[in-house]
Amino acid sequence: MLDDSRLHLWFEVDYLPGVGDIDLIAWHEDHGLFLIEIKAIELSAIESIDYRHLKVAGRSSTDSPHYQAHRAMWFLKDYLVGRGMQRRPFVVPTALYPKISRREWEEGVRDPRLTGSFAQSILFSDDLESKNALQKRLAYIWENPPVGRRLGVRFRHDVDAFSAFADNLMVQAGRDAARSDQRRLSYLENSHRAEADRDAPADRVVRLAYQGYPGTGKTFRLLRIGVQHAVAGKRVLFLCFNKVLAADVRRLISLSQASGQVEAYDLFDFLDRLRDFNGIAKPPEMPTAEDWAEAVLSRLVDCLPLAYDTVLVDEAQDLQPWAIEFITRLSRHDSSVVVAMAKGQELYGDGKAIMEKLGLKPRQLNRVFRNPRPIFQFAQTFYESRMRPERLESVTRRFVHKSADVDRPLFQVDAGELPAIVKLERVNEVGQSSYRRELERIVTRAVERMVADGASPRDVLLLVPGKGAEYQAALACLQAARQKSIDLVNPSNRRAIAPQDAVRLSTFHSARGIEAEHVIVLGLTELHEWKDAQNIAYVALSRATKSTEIVLTNDDAEHPVGRFAIQVREALEDRGR
């Protein structure tokens, strides 16, 4: 484009996990880095356009090009975080109409928000007429972005930052689905099509709530419905609470070969992006995340996007009133709304409010797809017994004797091992280094086993309660082992796209909805004083698709929670004999 040795272009960037399609990325060494959505249409083809939406003749209404660029910019940032790019450059989103001149636009577009200074911040055919014209326009757009805030800084080309950015746009960094992804993609693209069509056909209005044990395929049923509706031309939105889950859903969808687009966000992320797109200042510091969300939502009254045809909500049991109101405003009376609720993983609510507000019909799921039977039974026993040893007898009996209980779980995978309980030396000032060395050995062995078995380091998941001693020990052992990892405990990384060659480190809370072939659980005894401890433990213990290791110190083994974990395993072993 316009012989300029200082301009670097990447066209059709549609291969980065979790990012979606990007028409053009432009890095000019003098004027900045831009993400550009291209609309090669005549002005006469535009039936209607406003700040948020575009309707082209013969096509369905879509998001406006500058909004699409803004959305892709945020996803690109999340991808770069996951790639470990420490010095991430500012990116300015804009749009290009190569078949429309700026004069035609100014005279033909009626919405005053899209003319004047706004029209100066997007690209038209005039700007492509010469190298000088394009440079002047890019310089203006850098200082006056069409959406979001002004950067307020002069662009400075950094050779190292440019090289790192270019390397991360290489195809090798893109679509490399691991074995676990291939299994999940097969489910998403091929399995249960008839079931999804029966539950939520694209040509009907459906209000449905999937309910069931962890690992019964609730999230995948939502995504199967979403893909099916998107292929049918529907505008589909997927929402959840968990930042880590939303990022993983975006990554998985981007790996799918199915056509159509499913937008996926965590609720707070979606609110924040809408706030930024509409130029609304961040609210001041709030006591809680819910207070912040309510404040932002109140300012978005007239700025919400066009209602979606299909809205999918995971973790719906924990939706607060503001979130239910938000979802109601993102849908219409004729929109399909399908949600998923996990039994036993309620942390903030019980799901009754959204069931009543949206008139959802429950559907119970009992077949467990994620966990082999022994791992599920361990997690379920731990949860149902409420960490009370006297309840073990009655709870474990359910797994042995057949009954007519409609809630009785069925299993896709019967064979497997109970979670291994690994006891390490006491953690204190003297023994800390020994503990970390042993933990390093456990992690290294797990990664080597995964790779030898055709999986990837990403299929090893380390779970910790929070930023305590176990977290520090996990970081230290990963560093000592020189094992690439992604720290999802760090809030700034939770929306990052986890690469295949990185072990994931997460909190128990943030693990809800995600899974791995091998899971290592640290610090289980720290849950003793937590509210809803059994629910959080249930999340941590039900993440593995193949194997789980629970690491206890000698002191942990004498702790009520650690001792109970050992008793659960012994009770299940006795039942299995």
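The structure under discussion appears in the preceding block.
Scoring rules and cut-offs
Residues numbered from 1 in each chain as written. Predicted model: local features only at pLDDT ≥ 70, side-chain atom pairs only at ≥ 80, totals over all residues. Heavy atoms only, no water. Helix = DSSP H or I, 4+ residues; strand = E, 2+ residues; numbered from the N terminus. Rg over C-alpha atoms; globule rule 2.2 N^0.38 Å. Buried < 20%, exposed > 50% of the residue type's maximum accessible area, 1.4 Å probe, protein only. Core = buried A, V, L, I, M, F, W, Y, C linked by side-chain atoms within 4.5 Å. Contact = heavy atoms within 4.5 Å. Phe/Tyr/Trp six-rings, centres within 6.5 Å; stacked < 30°, edge-to-face > 60°. Pairing = 2+ DSSP bridges. Axes fitted to C-alpha atoms, helices over the stretch in contact; angles between N-to-C directions. Left-handed = near helix turned anticlockwise from the far one by under 90°. Salt bridge = Lys/Arg side-chain N within 4 Å of Asp/Glu carboxyl O.

Colleague: Help me out: how do you make sense of the overall build of the protein chain in this one?
Modeller: Helix and strand counts for the protein chain stand at 20 helices and 22 strands. Its C-alpha atoms give the protein chain a radius of gyration of 25 Å, within 12% of the compact-globule value 25 Å for 577 residues. Projecting the C-alpha coordinates of the protein chain onto the three principal axes gives extents of approximately 80 × 55 × 45 Å. For the protein chain, the proportion of its 577 residues judged to be buried stands at 58%.

Colleague: Can you help me understand the nonpolar core in this one?
Modeller: Side chains of a nonpolar character, in soluble globular proteins, are inclined to be buried together. Formed by 94 residues in total, the largest nonpolar core has its most connected members in Trp105, Phe165, Phe270, Leu319 and Phe326. Sorting elements by how many residues they give to this core places helix H1 (residues 65–82) first, with nine residues. Not counting residues up to four positions away in its chain, the partners in contact with leucine 319 are Phe241, Leu267, Val313, Ile324, Ile327 and Ile354. Core analysis: the second largest hydrophobic core is formed by 68 residues, Leu208, Ala264, Leu365 and Ala571 among them.

Colleague: Sorry, what's going on with unusual backbone geometry here?
Modeller: Across the chain, the bulk of peptide bonds are trans and the bulk of non-glycine residues have phi less than zero. Non-glycine residue arginine 386 carries a positive phi angle of around 55°. Within the fold, arginine 386 resides in the loop between helix H14 (373–384) and helix H15 (392–397). By relative accessible area, arginine 386 is classed as partly exposed at 35%. Positive phi outside glycine occurs at arginine 482, with the angle close to 55°. Looking at where arginine 482 falls in the secondary structure, it is placed in the loop between helix H17 (469–480) and strand S19 (485–487). Classification of arginine 482 as exposed rests on a relative accessible area of 80%.

Colleague: Is there a simple way to think about the packing of aromatic side chains in this case?
Modeller: Centre distance and the angle of the planes are the two values used to describe a pair of aromatic rings. Taken as a whole and judged by the stated rule, the model has 24 aromatic pairs. For the ring pair tryptophan 27 and phenylalanine 162, a centre distance of 5.1 Å and an interplane angle of 80° mean the geometry is edge-to-face. With tryptophan 27 in strand S2 (residues 22–28) and phenylalanine 162 in helix H5 (residues 159–168), this pair connects stretches of sequence that are 135 residues apart. Among the residues examined, phenylalanine 162 registers a relative accessible area of 16% and is labelled buried. One aromatic cluster in this structure is built from Trp10, Trp27, Phe34, Trp142, Phe155, Phe162 and Phe165.

Colleague: Just to check I follow, could you spell out the environment of glutamine 228 for this structure?
Modeller: In this fold, glutamine 228 is placed in helix H8 (residues 218–231). A C-alpha to C-alpha distance of 19 Å links glutamine 228 and alanine 246, two positions 18 residues apart in sequence.

Colleague: Honestly, the pairing of strand S3 (residues 32–38) in this entry has me stumped. Any pointers?
Modeller: On a regular strand, each side chain points to the face opposite its neighbour's, so the side chains alternate between the two faces of the sheet. Most of S3 is tucked away: six of the seven residues are buried. The pairing of S2 with S3 spans five bridges and is antiparallel. Bridging across to S3, alanine 26 finds its partner in phenylalanine 34. As consecutive antiparallel partners, S2 and S3 are separated by three residues. Bridge analysis of S3 against strand S7 (residues 92–97) gives five bridges, and the strand direction is parallel. Within the sheet, the bridge partner assigned to phenylalanine 34 lies in S7 and is valine 92.

Colleague: Where do I start with the packing of helix H11 (residues 289–299) against helix H12 (residues 321–330) in this structure?
Modeller: Geometrically, a packed helix pair is captured by the angle between its two axes and the distance between the axes. The geometry of H11 relative to H12 is characterised by a closest axis approach of 10 Å and an angle of 35° between their N-to-C directions. Considering the relative orientation of H11 and H12, their crossing is left-handed. In this structure, H11 contributes Glu290, Ala293, Glu294 and Leu297 to the contact, and H12 contributes Trp322, Phe326 and Arg329.

Colleague: What exactly am I supposed to notice about the pattern of salt bridges here?
Modeller: Side chains bearing opposite charge may pair, as long as their charged atoms lie close to each other. For the structure shown, the criterion picks out 36 salt bridges. Here arginine 370 and glutamate 515 are joined by a salt bridge, their closest N and O atoms 3.2 Å apart. Taken as a pair, arginine 370 in the loop between strand S15 (367–368) and H14 and glutamate 515 in the loop between strand S20 (503–507) and strand S21 (516–522) lie far apart in primary sequence, 145 residues in all. Here arginine 370 falls in the buried class, since its relative accessible area comes to 12%.

Colleague: Teacher, can you tell me more about the sheet that holds strand S10 (residues 236–240) here?
Modeller: Strand pairing within a sheet occurs via backbone hydrogen bonds; the two strands may be parallel or antiparallel. One open sheet holds the six strands; their spatial order is S11-S10-S12-S13-S9-S14, and the pairing between them is parallel. Whereas interior strands pair on both sides, the edge strands pair on one side only; in this sheet they are strand S11 (262–266) and strand S14 (361–365). Between one strand and the next, the sheet's axes are offset by a mean angle of 20°, whatever the strand orientation. As defined by bridge partners, S10 adjoins S11 across five bridges and the pair is classed as parallel.

Keep in mind these numbers describe shape, not what the thing actually does.
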